[in-house]
Amino acid sequence: MTTTTAIPTGTKHVAAGTTGRRPRRQHEGAAWVFLSPWVLGASVLTLLPMAVSLYLSFTDYNLFDPPRWIGLRNYTQMFTEDPRYWRSVMTTLLYVVIAVPLQLALALVVALALKSMKRGKAFYRSAFYAPSLLGASMSVALVWRALFNDGGTVDNLLGTGGWVNKPGWALLAVALLTVWQFGAPMVIFLAGLQQIPAELYEAAAVDGAGRWRQFLSVTVPMLSPVLFFNLVLQTIQAFQVFTPAFAVSAGKGGPADSTLVYTMYLYDRGFVASHMGYASAMAWVLLLVIGVVTAVLFRTSRSWVFYASEGDR
């Protein structure tokens, strides 16, 4: 005769649950240990300065005396009493409208050319990408200023005079420096082009579509997610442009404030005039504007960005 001993089910479940929770807690602890450098860096170097900047935007602070609370005075002065502020806003918007489309168009054209190349693709890809690594430096921006100055290379070739000294041309010289740095979006475009199935082009050719029709009906729709990604990225960067405008205008935003972009005026208010509270308010307005523009781009993307996994919209 065999006897069996009943094990209380409650004891079994408690033991199983206890042994199941302990490894999970150990894994969570290890995850937080590995995440702690990032969490510490984000808190100390990003979140804390943002909180201090938000507080300073409601104060009168000159970097030397303690901040004095003034409420919304910085914002009302910015919107209603400062004509140079609105001039910097319009200059920045004009810069974005000029630089971003030209940069993306040039990047796409070069990416299409590289895709069709049989030899030397790696060399040319690296060569075209190099300006993206060098263009943000002050030294290159100063060389760019020399090229477009009176008696510079552009003046000698075109005979148009120094662009950096003409209010109608100075901002274009700044925008061209950004356009010249098309390497990063070009590499992304090239990666996207290589993912388009060749069968789509073959089917379009069978239907009698030429190269231009294939570009409009196949390349653009299939590349639209990559185009959208580059558009958002380059738009955000364009709103924050500083080094090219600072170098080309010798830090003054001239001539006649034609290169006074938003970040340059923010720098002038904060570090030249020592109105750090006013500069902090400007920084938060810029953050909100970039957020709104990005949200609008995401909203409008529903009508022109095609995702192959979702089918036609």
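Everything that follows concerns the structure shown earlier in this document.
A brief report on the enclosed structure follows.

Rules used in this analysis
Residues numbered from 1 in each chain as written. Predicted model: local features only at pLDDT ≥ 70, side-chain atom pairs only at ≥ 80, totals over all residues. Heavy atoms only, no water. Helix = DSSP H or I, 4+ residues; strand = E, 2+ residues; numbered from the N terminus. Buried < 20%, exposed > 50% of the residue type's maximum accessible area, 1.4 Å probe, protein only. Contact = heavy atoms within 4.5 Å. Areas by Shrake-Rupley, 256 points an atom, 1.4 Å probe, with all protein chains shown as cover. Patch = residues over 30% accessible without salt bridge, like charges linked within 9 Å, V, L, I, M, F, W, Y side chains within 5 Å. Salt bridge = Lys/Arg side-chain N within 4 Å of Asp/Glu carboxyl O. Axes fitted to C-alpha atoms, helices over the stretch in contact; angles between N-to-C directions. Parallel < 35°, antiparallel > 145°, perpendicular 65-115°, else oblique. Left-handed = near helix turned anticlockwise from the far one by under 90°. Nonpolar A, V, L, I, M, F, W, Y, C, P; charged D, E, K, R; others polar. Phe/Tyr/Trp six-rings, centres within 6.5 Å; stacked < 30°, edge-to-face > 60°.

From N to C terminus, the chain includes 13 helices and two strands. Within the chain, the fraction of its 313 residues that count as buried is 36%. The long-range fraction of contacts in the chain, counting pairs at least 24 apart against all pairs at least 6 apart in sequence, stands at 66%. Of the roughly 18800 Å² of accessible surface on the chain, 67% is carried by carbon and sulfur atoms.

Below, the discussion takes up a nonpolar patch on the surface. On the surface, Leu-63, Phe-64, Tyr-267, Phe-271 and Val-272 cluster together into a nonpolar patch covering about 540 Å² of accessible area. Summarising the element assignment, Leu-63 is placed in the loop between strand E1 (59-60) and strand E2 (68-69).

Glancing now at the packing of helix H12 (residues 262-272) against helix H13 (residues 276-300). Relative orientation of the contacting elements H12 and H13 amounts to 155°, with a least axis distance of 7 Å. Classified by the angle between their axes, H12 and H13 sit roughly antiparallel to one another. Regarding H12 and H13, the two cross each other, and that crossing is left-handed. Contact residues: Tyr-262, Thr-263, Tyr-265, Leu-266, Arg-269, Gly-270 and Phe-271 in H12; Met-276, Tyr-278, Ala-279, Met-282, Ala-283, Val-285 and Leu-286 in H13. Looking at side-chain class alone, the contact of H12 with H13 contains eleven nonpolar, two polar and one charged residues.

Moving on to the side chain of Gln-234. Mapped onto the elements, Gln-234 comes out in helix H10 (residues 211-239). Residue Gln-234 is classed as buried on the basis of its relative accessible area, which comes to 7%. Among all residues touching Gln-234, those that are not within four sequence positions of it are Val-100, Gln-103, Leu-104 and Pro-185.

A few words on the packing of aromatic side chains. The tally for this structure, following the rule as stated, stands at 20 aromatic pairs. Ring centres of Tyr-55 and Trp-69 lie 6.0 Å apart, and the angle between their planes is 35°; this geometry places the pair in the tilted category. Taken together, the residues span a long stretch of sequence, with Tyr-55 in helix H1 (residues 9-56) and Trp-69 in strand E2 at a distance of 14 residues. Residue Tyr-55 is classed as partly exposed on the basis of its relative accessible area of 39%. Centroid distance Phe-242 to Phe-246: 5.2 Å. Interplanar angle 25°. Geometry classified as stacked. Phe-246 gets classed as partly exposed once you look at its relative accessible area, which sits at 22%. Grouped by ring-pair contacts, the aromatic residues Trp-144, Phe-148, Trp-163, Trp-169 and Trp-180 constitute a single cluster.

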